[in-house]
Amino acid sequence: MARRKKIYEGKAKTLYEGPEPGTIVQYFKDDATAFNAEKHDVIEGKGVLNNILSEFFMLGLGQIGVPTHFLKRLNMREQLVRSCEIVPLEVIVRNYAAGSISKRLGIDEGTQLPRPIVEYCYKDDGLGDPLVTEEHIAAFGWASQQDMDDILSLALRVNDFLSGVFLAVGIRLVDFKIEIGRVYEGDFQRLVIADEISPDSCRLWDVKTGQKLDKDVFRRDLGSLTDAYSEVARRLGVMPNNPPAPGKPTLVN
Ligand code: UDP
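Report on the accompanying structure. Everything quoted here is computed from the prediction, not taken from an experiment.

Reading the values: the criteria
Residues numbered from 1 in each chain as written. Predicted model: local features only at pLDDT ≥ 70, side-chain atom pairs only at ≥ 80, totals over all residues. Heavy atoms only, no water. Helix = DSSP H or I, 4+ residues; strand = E, 2+ residues; numbered from the N terminus. Rg over C-alpha atoms; globule rule 2.2 N^0.38 Å. Buried < 20%, exposed > 50% of the residue type's maximum accessible area, 1.4 Å probe, protein only. Areas by Shrake-Rupley, 256 points an atom, 1.4 Å probe, with all protein chains shown as cover. Lys, Arg positive; Asp, Glu negative; His and termini not counted. Charge placed at Lys NZ, Arg CZ, Asp CG, Glu CD. Near = heavy atom within 4 Å. Polar contact = N/O pair within 3.5 Å; in protein donor to acceptor, adjacent residues only side chain to side chain. Nonpolar A, V, L, I, M, F, W, Y, C, P; charged D, E, K, R; others polar. Axes fitted to C-alpha atoms, helices over the stretch in contact; angles between N-to-C directions. Parallel < 35°, antiparallel > 145°, perpendicular 65-115°, else oblique. Left-handed = near helix turned anticlockwise from the far one by under 90°. Contact = heavy atoms within 4.5 Å. Salt bridge = Lys/Arg side-chain N within 4 Å of Asp/Glu carboxyl O.

1. Focus on the overall build of the chain
- Scanning the chain from N- to C-terminus turns up six helices and 14 strands.
- Here the C-alpha radius of gyration of the chain, 18 Å, is about what a compact globule of 253 residues would show, namely 18 Å.
- In terms of overall dimensions, the chain has C-alpha extents of about 50 × 50 × 35 Å along its principal axes.
- Out of the 253 residues belonging to the chain, those deemed buried represent 51%.
- Accessible surface for the chain amounts to roughly 12600 Å². Of this, 52% is attributable to carbon and sulfur atoms.
- If you average the places of the 32 positive and of the 37 negative side-chain charges in the chain, the two averages end up 4 Å apart.

2. With respect to the site of the ligand
- As a structural note, the neighbourhood of the ligand is formed by 15 residues, with Glu90, Arg94, Ser100, Asp175 and Arg219 the closest of them.
- With respect to the ligand, the side chain of Arg94 contributes an N or O atom lying 2.6 Å from an oxygen atom.
- Side-chain polar atom of Ser100 to an oxygen atom of the ligand: 2.6 Å apart, as the coordinates give it.
- For the ligand, whose free accessible area comes to 510 Å², the fraction covered by protein is 76%.
- Among the residues making up the shell around the ligand, the classes are represented as four nonpolar, three polar and eight charged.

3. Concerning the packing of helix H1 (residues 46–63) against helix H4 (residues 145–167)
- For the pair H1 and H4, interaxial distance at closest approach is 11 Å and the crossing angle is 120 degrees. Relative to H4, the element H1 is oriented oblique. As H1 packs across H4, the resulting crossing turns out to be right-handed. Along the contact surface, H1 presents Phe56, Phe57, Gly60 and Leu61, while H4 presents Val158, Phe161, Leu162, Val165 and Phe166.
- When grouped by side-chain class, the residues that make up the contact of H1 with H4 number eight nonpolar, one polar and no charged.

4. Concerning the environment of Val207
- Position of Val207 among the secondary structure elements: in the loop between strand E14 (202–206) and helix H5 (216–219).
- Residue Val207 is classed as partly exposed on the basis of its relative accessible area, which comes to 32%.
- Sequence separation between Val207 and Val169 is 38 residues; the distance between their C-alpha atoms is 9.0 Å.
- In this structure Val207 touches Leu167, Gly170, Ile171 and Arg172, once residues within four positions along its chain are discounted.

5. Observations concerning the pattern of salt bridges
- Per the stated rule, a full pass over the model turns up 30 salt bridges.
- As a salt-bridge pair, Glu9 and Lys6 come within 2.7 Å of each other at their nearest N and O atoms.
- Judged by its relative accessible area of 45%, Lys6 is partly exposed.
- Two residues, Glu119 and Arg104, come together in a salt bridge whose shortest N-O distance is 3.2 Å. Of the two residues, Glu119 is situated in strand E10 (residues 112–122) and Arg104 in helix H2 (residues 99–105); the sequence distance between them amounts to 15 residues.
- Glu119 gets classed as buried once you look at its relative accessible area, which sits at 8%.
- By relative accessible area, Arg104 is classed as partly exposed at 39%.

Okay, here's the thing in structure tokens:
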């Protein structure tokens, strides 16, 4: 097979030119990073789990009419997505306090917030993705007011959907991050959910025990990350046929 053209290599994924114009292949790597890539490790099987979990959430969102960039899963590590222009914002939705909001505002981790809170960070690794306000977003032209209205409503719909799906399997959705893409159809632009939705970008706590089932397991050295992500996949009924066994080689496509 001819070598595919690599478009971009990120911390957890590599993007290749897709087979048709306007398509991209997202390859999910096993790399885990935290604290702006200061902590890095390769975790056997993480990419396989995130590929399958992200497919599951994107398909579910599509079914309730939330547009996403997802087209189809190609194999254990790759999915075909629509090429889009990424809005340079990390959109964070929080239901319970944890992580940076707990530090910033001195709220105990696990405190339920009065209502879902949506925050925006400017996507810039060099700056450590700083928190920004809508005033910055408008002034620097990162998104229009119409875009921001649409982004807020998309973020809240994703939150309602994910919260329900997780709660049904005994998992509390504490917070998550999404990225938004623009796709152009003739003269029109549409916003879609892009990137990935996986335990890498969510905080997920077991409802009964409070056990963490997300990337905090890696950030805070709380045990096996693959065990945590496998548990999420198992509860959601999307465990891959050949689940990654710790210490055993995994088929890499
Ligand atoms: N998040 C992410 N990528 C980032 C920053 C945050 O996926 O670059 C996710 C993170 O996993 C968590 C939520 O967004 O689910 C809120 O993260 P927070 O602001 O608390 O930052 P952290 O404590 O992770 O640095």
